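Now for the letters of each chain:
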Amino acid sequence: MIELFLIFIGAALVNNFILARFLGICPFIGVSRQIDTSLGLGIATTFVMTLSGILAWFMQEFILVPFNLPFMQYVFFILAISSIVQFVEMALRKMFPTLYEALGIFLPLITTNCAILGLALLIPLNEYGLIQSVFFGFGAGVGFTLAIVLMAGIRERLLFADVPKPLQGASITLITAGVMAMAFSGFLGLI
Amino acid sequence: MVRMWTDLLRGLWGEHPIFRLVLGMCPALAVTNTAINGMTMGLATTFVLVTSGTIISLLKHFIPQRVRIPSYIVIIATFVTAADYTLNAFWHDIHGVLGLFVPLIIVNCLILGRAEAFSSKNTVKRTIFDSLGYGIGFTWGLVLLGVIREVLGFGSIFGMQVMPDTFYNWTIMVLPSGAFLTLGVLLGLYNMLIQRAESKNKVLHTVKTASEGAFTDESVY
Amino acid sequence: MVEKEGIESRLIFVLVLIMIVSGVSLAGLYQWTIPHIEAHEALARERAIFSVLPLAAAYEVIETDELLVYRGLDEAQNQVGYAMETRGGGFQGMITLMVGLDPEAEKLTGIEVLTMFETPGLGARIDEDNFKEQFTDKQFGDPFKAGKDIDTISGATLSVQAVGTIVSAAITQFEALKLDSPGGE
């Protein structure tokens, strides 16, 4: 139980996917303008991440290893992720049309969110079991959501700041992220 | 021929993948703490960009519109796996250093972005020039980031000591936050250069942006 | 959006065809590169054994239940120590180490990194000589705490601690094997 908790905290805070592992930077910069949208994207990503973690484990355990197909790992994982994203997209369109509108073009981009493929690849590398994979995927999603929502909060304030023209947009976002990464490195002592 | 040149040059400066389009941020931040890592990553990405672009351009009439994204992803993943195994077999040491970020080339938005926006609509010849341009653009961006971070963080360039012994290494440049800060500042510099060039080219345009700037300033207060 | 059945089956046909072509070409590439990769790995393992057992001129493989242990021999066929392959979790993925042990003096003779997936430039620096050298001549009873017993690499405390934990687990495993140590107690 303690081990699972540590995996969760590790993935969410200490080795935060965005701020410590550099995974999932594109949506972090692209979709962090408003708190509502980033929260929506964060939840959708968390869901996809947890599912991908589980699916990655099953594929590794029941297809790639038994049939000795290590060279198909990348192809299979990315196909699994894009299928899950397709499924989430359809579900969102049916159930939360407003959120679907707001997330717009970024939904298909979840597929090319390297945090998710990174997560899927990290599971066999860490030799996690099924339950561990669930906690790892969920923790990574929570960490992603936390970072992107915090950034959106800061950017909403930044709108009222007098940022020099060349630094506006992605530039100031990255500099802010640098300061956030410094703060997050304080979590290193947690585990 | 002129068109080929514009295809090639576009990715090198005007539409620079990192500084202008802000794509492929993960490898740009993660593997650039030394110049050599940045260069290897850039070249591997260029390889995948050119090969997958060529195949996608060849198959543009064969792949139906509705399954194009999964098809592109499979093609890209295939070439990334190929690059991964080739690196592992023949450049074992560098493969060990880049680790997890070789497979992550698959989800580099730059590659899928070019496949969708260019390769799937243009001839093979133009695609090769376009991909080469973006690949080299990406590579020099990574090398620049790598050089800056390596000089300040380790005091060396491509592993050669350049700073005097008295130089105190800025550890932060090697850490995640240093990556974000360096890239943020570089983006700002790039924007400044581009904006300056634009304002020189078009006086009318400058007047327009200036008035826009005034407008935003007013709206702030 | 009304789709004709013919179009639907064409979609599936194209996707499956691309998958098959991709699978077959990658299988071919795999067959071609894997001997090279394995040769690299075997060479790296052999180099690691001689690096962690500096006195050894030859080695022999010792069969144990799950561990890969090598006995190092000098030119006169005297035993000079053991090398053991061991793995554990790092910051990004599994780290595989070769650990050289001298059961007589109860200390380490060196460590080598075989595989790891740590962050380039940060955690990956556990493979640098400065870092690895500090494990040489460490006593078996050493607590291997990062920052106290092992010097850390800035920005990579977790990777450094992971190496420490793996090494100390390896020592425990090694002692549990109770391999004969001629000239020992």
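These numbers come from a predicted model, not from an experiment.

S.K.: Explain the interface of chain A and chain C to me, and be specific about the residues and the numbers.
M.R.: Each partner contributes to the interface: chain A provides 16 residues, whereas chain C provides 13 residues. Buried surface at the junction of chain A and chain C, summed over both partners, amounts to about 1,400 Å²; 67% is from carbon and sulfur atoms. Looking at the side of chain A facing chain C, the largest losses of area belong to Arg21, Phe71 and Leu125 of chain A, adding up to 36% of the total buried there. The interface formed by chain A and chain C includes one salt bridge. A salt bridge links Arg87 of chain C to Glu127 of chain A; the shortest N-O distance between them is 2.3 Å. Linking chain A to chain C there are two residue pairs in polar contact (both at pLDDT 80 or more). Elements with a contribution of two residues or more to the side of chain A that touches chain C: α4 (73-95) and α7 (114-126) of chain A.

S.K.: With reference to specific residues and values, describe the interface of chain A and chain B.
M.R.: For interface size, the figure often reported is the accessible area lost on association. Listed per partner, the contact involves 38 residues of chain A and 37 residues of chain B. For the pair chain A and chain B, the two sides together bury roughly 3,200 Å², of which 81% comes from carbon and sulfur. Considering only the side of chain A, the residues that lose the most area to chain B are Phe22, Tyr74 and Leu174 of chain A, jointly responsible for 22% of the buried surface there. Taken together, the links from chain A to chain B amount to zero salt bridges. In this structure, the connection of chain A to chain B is made through four residue pairs in polar contact (both at pLDDT 80 or more).

S.K.: Could you give me a rundown of the nonpolar core, with the residues and numbers involved?
M.R.: Among the nonpolar cores identified, the biggest contains 118 residues, and Phe17, Leu19, Phe28, Leu117 and Phe136 of chain A together with Leu104 and Phe180 of chain B are the most heavily contacted of them. When neighbours within four sequence positions are excluded, Leu104 of chain B is seen to be in contact with Leu23, Cys114, Leu117, Gly118 and Leu121 of chain A. By size, the runner-up hydrophobic cluster in this structure holds 33 residues, among which are Phe154 of chain B together with Tyr82, Met84 and Met116 of chain C.

S.K.: Can you lay out helix α1 (residues 2-10) of chain B for me, pointing to particular residues and giving the numbers?
M.R.: Residue and element names in this part refer to chain B. Of the residues making up α1, those classed as buried are Met4, Asp7 and Leu8. Down the axis of α1, the smallest arc covering the buried residues is 95°, so these residues share one side. α1 presents Val2 and Arg3 as exposed residues on the side facing more than 90 degrees away from its buried surface. As for α1, its buried residues are in contact with α6 (109-119) and α7 (124-154).

What counts and how
- Residues numbered from 1 in each chain as written.
- Chains lettered and ligands numbered in written order.
- Predicted model: local features only at pLDDT ≥ 70, side-chain atom pairs only at ≥ 80, totals over all residues.
- Heavy atoms only, no water.
- Contact = heavy atoms within 4.5 Å.
- Buried area = accessible area lost by both parts, 1.4 Å probe.
- Salt bridge = Lys/Arg side-chain N within 4 Å of Asp/Glu carboxyl O.
- Polar contact = N/O pair within 3.5 Å; in protein donor to acceptor, adjacent residues only side chain to side chain.
- Helix = DSSP H or I, 4+ residues; strand = E, 2+ residues; numbered from the N terminus.
- Core = buried A, V, L, I, M, F, W, Y, C linked by side-chain atoms within 4.5 Å.
- Buried < 20%, exposed > 50% of the residue type's maximum accessible area, 1.4 Å probe, protein only.
- Arc of directions from axis to C-beta.

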